[in-house]
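# Report on the structure
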Amino acid sequence: MNATAPAQERHTAEFLRVKGLAERGVASAQHSLGFMYVNGQGVPRNEELAVGWYRMAAAAGLEQAQYNLGVMYQKGQGVAQDHAQALYWYGCAAAQGYAPAQYNLGWLHAKGQGTPADVHQALHWFRQAAEQGDAGAQHNLGLMYEGGKGIPQDQDAASQWYRRAAEGGYARAQFALALRYESGQGVARDPAQALAWMRRAAEQGHAPAQFNLALRYDKGQDVAQDSAQAVAWYARAAEQDHLSSQFNLALIFDSGQGVARDEEAALAWYRRAAEGGHAGAQDNLGLRYEHGQGVARDAGLAAHWYRKAGEQGLPAAQYHLGQLFDAGQGVEHDPAQAAAWFAKAAEQGHLRAQFDLGLRYEAGNGVPRDAARALDWYRRAAAQGYAPAQHMVGALLDREDGNPREAADWYRKAAEQGHALAQFALALRYDSAHGVERDYEAAHFWYLCAARQGHARAQFNLGVMAAAGQGTERDPVQAYGWLHRAAAGGIPAAAPYLKRVAGRMAPVQLAQAQVLTEDR
């Protein structure tokens, strides 16, 4: 208490000294007194009194006071917010060459605050401040040259202004310059320079730079991969509410990639990013509530978060919300709403949504039955290489009297990906010469592929072919084995056919076949 008393007394004495000068009309003292009131320096904070003293100094022509009075009007501190008054006072200070006022005046013209937006006036005042070394104005000039706003686009000039601001320590310009070195825009591409400028901006606390530096450590881009460094930089940006950093931090803790897996930390960062509006985090949080991962299962909360992400246009969340409407979990069962959300996701290329929408149009589930639209959605998913959709294109072409050769082509695409139904369908076509030339060996091959995956009808047809020596050597033991499996799989014709095959087998063959079927 006693140790601080002399300092407080000196502070009070300084205030009284300045107040005395201000009351005698000394403009610099009036400005200083306003500053003291704004900051509560030696006197209780009082923004209204600050405005009054700033006004007196500003009226006397003191450019710093004119600037600070403009700030008070722009922010609505101690006075009603009034951009026109801010513009006036900034203009008074700017005309006297005061760079901070020139910079702020440029922003008001750029944003159309207190005056109609005028990019040329903005450019003029930014240039005035930039040429005096104002780093923010230099950065903004770089932006304007980069985007061709109010001036012909000039990437070299943009780089020059960014560099001047960056060398002056302006973090946003350092970040912009880093991105240009990374892409080779306006400068020769130089990953080392990009990394150096990115690091300088990050170390000043610039969250986007911290995020980008974290990404580099996360992916091992231009630096040795280092998950601990990635986490450290993501965390610094995340604490500044940088949403992508919060989301990526959650992903790292969720996967345990290079760090100890921490489901609780992952959930906390997903929630923080979700509450900040990050669609991916909202979708992931929805998944956790839907499946009860780290939280009590709650389909209603899952629907809540899916909807938030879906309304932002995230296809995965739209699809997940559609599934909840389809199942009636967390929301009322509503096939039409399910179809509507699937359609939103499908239009953005979501593969499963496209396929499921095809199923719905084919069945008339939540939408009018429409084979043509079903085929269109199947085709979109099939074009992305989705085997079930490729199979359905073939099946629908078959049912709707489409092109048999095209159907065979789609069956082949799905069959080559291991889709059992498509393998069987393709085998049938080779067996019957439908859309392809008859080829019993090819038929046998594709029946075999499907049969090994448990397709009972393919097993039956393989048994018949082995018994007859069609497409393969005649082999009663193999025929018996496949027919036995088909009968167990529920094919009615398999049992009588098996009986006929067994009746024609030598005792030693039958015994061998029975042993093989028991082993299976």
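Residues numbered from 1 in each chain as written. Predicted model: local features only at pLDDT ≥ 70, side-chain atom pairs only at ≥ 80, totals over all residues. Heavy atoms only, no water.

## Remarks on the environment of Gln132
The following threshold applies: Only runs of H or I of at least four residues qualify as helices and only runs of E of at least two qualify as strands under DSSP, and these elements are numbered from the N terminus. Categorising residues by exposure relies on relative accessible area from a 1.4 Å probe, with only protein chains included: less than 20% of the type maximum marks a residue as buried, more than 50% marks it as exposed, and the intermediate range marks it as partly exposed. Any two residues having at least one pair of non-hydrogen atoms within 4.5 Å are treated as being in contact. Between N or O atoms, a polar contact is any pair within 3.5 Å; within protein, one atom must be a potential hydrogen donor and the other a potential acceptor, and residues adjacent in sequence are included only when both atoms are from side chains.
On the secondary structure map, Gln132 appears in the loop between helix H7 (119-130) and helix H8 (135-147). Note on Gln132: relative accessible area 47%, which makes it partly exposed. When the C-alpha positions of Gln132 and Tyr98 are compared, they lie 9.0 Å apart, and in sequence the two are 34 residues distant. Residues contacting Gln132, with those up to four places away along its chain left out, are Gly97, Ala99 and Gln102. Within the structure, the side chain of Gln132 is placed 2.8 Å from the backbone oxygen of Gly97, a separation counted as a polar contact.

## Here we look at the packing of aromatic side chains
Defined as follows: Here the aromatic set is Phe, Tyr and Trp, taking the six-membered ring for Trp, and pairing holds for ring centres within 6.5 Å; pairs whose planes are under 30 degrees apart are stacked, those over 60 apart are edge-to-face, and all others are tilted.
The final tally for this structure, using the stated rule, is 15 aromatic pairs. Seen in terms of ring centroids, Phe15 and Tyr37 are 5.9 Å apart; in terms of plane orientation they differ by 90°. Their pairing is edge-to-face. Here Tyr37 lies in helix H2 (residues 27-39) and Phe15 lies in helix H1 (residues 5-23), a separation of 22 residues in the sequence. Accessibility classification places Phe15 together with Tyr37 in one group, the buried group. Ring centres of Phe424 and Tyr447 lie 5.8 Å apart, and the angle between their planes is 45°; this geometry places the pair in the tilted category. Taken together, the residues Phe424 in helix H24 (residues 420-432) and Tyr447 in helix H25 (residues 440-451) connect sequence positions 23 residues apart. Like Phe424, the residue Tyr447 is buried in the burial classification.

## Examining the packing of helix H14 (residues 243-255) against helix H16 (residues 279-291)
What counts is decided by this rule: Comment: axis = line fitted to C-alpha atoms, over the contacting stretch for helices; angle = value between 0 and 180 degrees taken between N-to-C directions. Crossing handedness follows the turn of the near helix against the far one: under a right angle anticlockwise gives a left-handed crossing, and clockwise gives a right-handed one. All residues other than Ala, Val, Leu, Ile, Met, Phe, Trp, Tyr, Cys, Pro, Asp, Glu, Lys and Arg, Gly among them, are scored as polar; the first ten of these are nonpolar and the last four charged.
Packing of H14 against H16 brings their axes to within 10 Å, and their N-to-C directions diverge by 35°. Note that H14 runs across H16; the crossing there is left-handed. Residues Phe247, Leu251 and Asp254 of H14 form the contact with H16, whose participating residues are Gly280, Ala281, Asn284 and Arg288. Residues belonging to the contact of H14 with H16 are distributed by class as follows: three nonpolar, two polar and two charged.

## Some points on helix H3 (residues 47-59)
Our working definition: Helix span, as expected, comes to 1.5 Å for every residue beyond the first.
Over its 13 residues, H3 runs 18 Å from end to end, which matches the ideal 18 Å to within 8%, given 1.5 Å per residue. Those residues of H3 lying buried are Glu47, Ala50, Val51, Trp53, Tyr54, Ala57 and Ala58. Two or three places before Glu48, at the start of H3, stands the capping residue Asn46, its side-chain oxygen 3.2 Å from that residue's backbone nitrogen. The positive-phi residue at the C-terminal boundary of H3 is Gly61, with phi of around 95°.

## Some words on the pattern of salt bridges
Selection criterion: One side-chain nitrogen of Lys or Arg within 4 Å of one carboxyl oxygen of Asp or Glu is enough to make a salt bridge.
On inspection of all chains with the given rule, the structure shows 16 salt bridges. Here Lys19 and Glu23 are joined by a salt bridge, their closest N and O atoms 2.4 Å apart. With Lys19 and Glu23 both in helix H1 and four residues apart, this pair spans about one turn of that helix. Its relative accessible area of 26% is what places Lys19 among the partly exposed residues. Through salt bridges with shared partners, a single ionic network connects Asp254, Arg261, Glu263 and Arg288.

So yeah, pure geometry; function would need other evidence.
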